[in-house]
Amino acid sequence: MKVAVGSDHGGLDLKKIVGEVLAAEGIQVIDVGTDSPDSVDYPDYARKVAELVRGGSVDLGILICGTGIGMSIAANKVPGIRAALAWDIFTARMARRHNNANILALGGRTTGPELAREIVKTFVREPFEAGRHEKRVNKIAEIERESHQ
Ligand code: RB5
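Residue indices follow the written sequence of each chain, beginning from 1 at its first position. A pLDDT threshold of at least 70 governs which residues receive local features in this predicted model, and a stricter bar of 80 or more applies before side-chain atom pairs are shown or counted, although totals over entire chains, interfaces and linings include all residues. Heavy atoms throughout the structure, all of them, feed into the side-chain values; hydrogens and water do not.

(A) Geometry of the overall build of the protein. Helix and strand content of the protein: six helices and five strands. Every radius of gyration here is taken over C-alpha atoms, with the globule rule written as 2.2 Å times N^0.38, N being the number of residues. For 149 residues, the compact-globule formula gives about 15 Å, and the C-alpha radius of gyration of the protein, at 14 Å, lands near that figure. Overall size of the protein, expressed as C-alpha extent along the three principal axes, is 40 × 30 × 25 Å. The rule is simple: take the accessible area with a 1.4 Å probe, protein chains only, and divide by the maximum for that residue type; under 20% is buried, over 50% is exposed, in between is partly exposed. A burial count over the protein gives 45% of its 149 residues as buried. When contacts within the protein are restricted to residue pairs at least 6 apart in sequence, those whose partners lie at least 24 apart make up 71%. Surface accessibility of the protein: about 7700 Å² in total, with carbon and sulfur atoms responsible for 49%. Think of it this way: Lys and Arg go in the positive column, Asp and Glu in the negative one, and His and the chain ends go nowhere. Every charge is mapped to an atom, namely NZ of Lys, CZ of Arg, CG of Asp or CD of Glu. In the protein, 20 side chains carry a positive charge and 20 a negative one; their mean positions are 6 Å apart. Strands are runs of DSSP state E lasting at least 2 residues, helices are runs of H or I lasting at least 4, and numbering of each runs from the N terminus. Contacts: residue pairs with any heavy atoms within 4.5 Å of one another. Here the open area of atoms and residues is found with the Shrake-Rupley method and a 1.4 Å probe, where only the protein chains shown may cover a residue.

If you want it as C-alpha cells, here you go:
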C-alpha cells in the first residue's frame, strides 16, 4: 500500500508521527510537505495529496492542518475525493467502512499523538463494507458529476 501525506505548519509535528506509524505498518509513504515550521497555505498541500489519490498513484491520503477542517474542505473539492475529518477511532473506522473515505484529515492542534496513532492505524486497516453503502457512495459521485456541468 502507498499513502500520500501532507500538512501545513499546524500539522507538521503530527505528520512526522503519522509517517512513523505508516512505516511501521509496512506502508510506503509519499510526503508532499511542508517540511518546515514556516507558515504555509493548507490548500496547496490538500491539492497535492488529493491529486495523487485521484490519479491512482497512491491508495490513500492523510492531511493534517491545525484542526483538519481546512484540509478536508479543500481536498473534497477535487473530484473523486472523499476526505473525512476523524477525531476518534470510531469515526476513522466508519469513514472507511461506510463512506469509503480515501483521505483522512487530522487536526495537529486538536488530536494528541497517541490517539492520532490509533486513528491512522484504524484508517489504513479498515476495509470498505460496500453492500448498501456502495449505492450511497455512488450517489455522492452523482452529485459531483451533476454539479460540475
Ligand atoms: C493555520 O493557522 C490554520 O488555520 C490551519 O492549520 C487549519 O487549522 C485550517 O483549517
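After presenting the structure, the write-up continues.
(B) Region of interest: the pattern of salt bridges. For this analysis, a salt bridge means a side-chain nitrogen from Lys or Arg found within 4 Å of a carboxyl oxygen belonging to Asp or Glu. In this structure the tally under the stated criterion is nine salt bridges. One salt bridge in this structure joins Arg125 and Glu25, with 2.7 Å as the shortest N-O distance. One end of the pair, Arg125, is in helix H5 (residues 113-125); the other, Glu25, is in the loop between helix H1 (12-24) and strand S2 (28-31), with 100 residues separating them in the sequence. Relative accessible area serves as the criterion here: at 56%, Arg125 is assigned to the exposed category. Between Glu51 and Arg47 there is a salt bridge; the shortest N-O distance is 3.2 Å. Of this pair, Glu51 and Arg47 both sit in helix H2 (residues 42-55), four residues apart, which is roughly one turn of the helix.

(C) Layout of the site of the ligand. By convention in these notes, a residue is near a molecule or strand provided one of its non-hydrogen atoms lies within 4 Å of it. All residues adjacent to the ligand are Asp8, His9, Tyr42, Cys65, Gly66, Thr67, Gly70 and Arg109. Between Arg109 and the ligand, the recorded distance is 3.4 Å, taken from a side-chain N or O atom to an oxygen atom. Only Asp, Glu, Lys and Arg are considered charged, only Ala, Val, Leu, Ile, Met, Phe, Trp, Tyr, Cys and Pro nonpolar, and every remaining residue, Gly among them, polar. When its residues are assigned to classes, the shell around the ligand shows two nonpolar, four polar and two charged. Distance and chemistry together define a polar contact, namely a pair of N or O atoms within 3.5 Å, with one atom able to donate a hydrogen and the other to accept it when in protein, and with adjacent residues in sequence counting only for side-chain atoms on both sides.

(D) Region of the structure containing the nonpolar core. Buried Ala, Val, Leu, Ile, Met, Phe, Trp, Tyr and Cys residues form a nonpolar core when they are joined through side-chain atoms within 4.5 Å. Counting residues in hydrophobic clusters, the biggest one holds 23 residues, and the most contacted among them are Val3, Val18, Leu22, Ile62, Leu104, Leu106 and Val120. For this core, the secondary structure elements donating two or more residues are strand S1 (2-7), H1, strand S3 (60-65), helix H4 (89-97), strand S5 (103-107) and H5. In contact with Val3, not counting residues within four places along its chain, are Leu22, Ile27, Gln28, Val29, Ile30, Val58, Leu60, Gly61, Ile62 and Val124. Ala50, Ala75, Val78 and Ile103 belong to the second largest nonpolar core, which has 17 residues in total.

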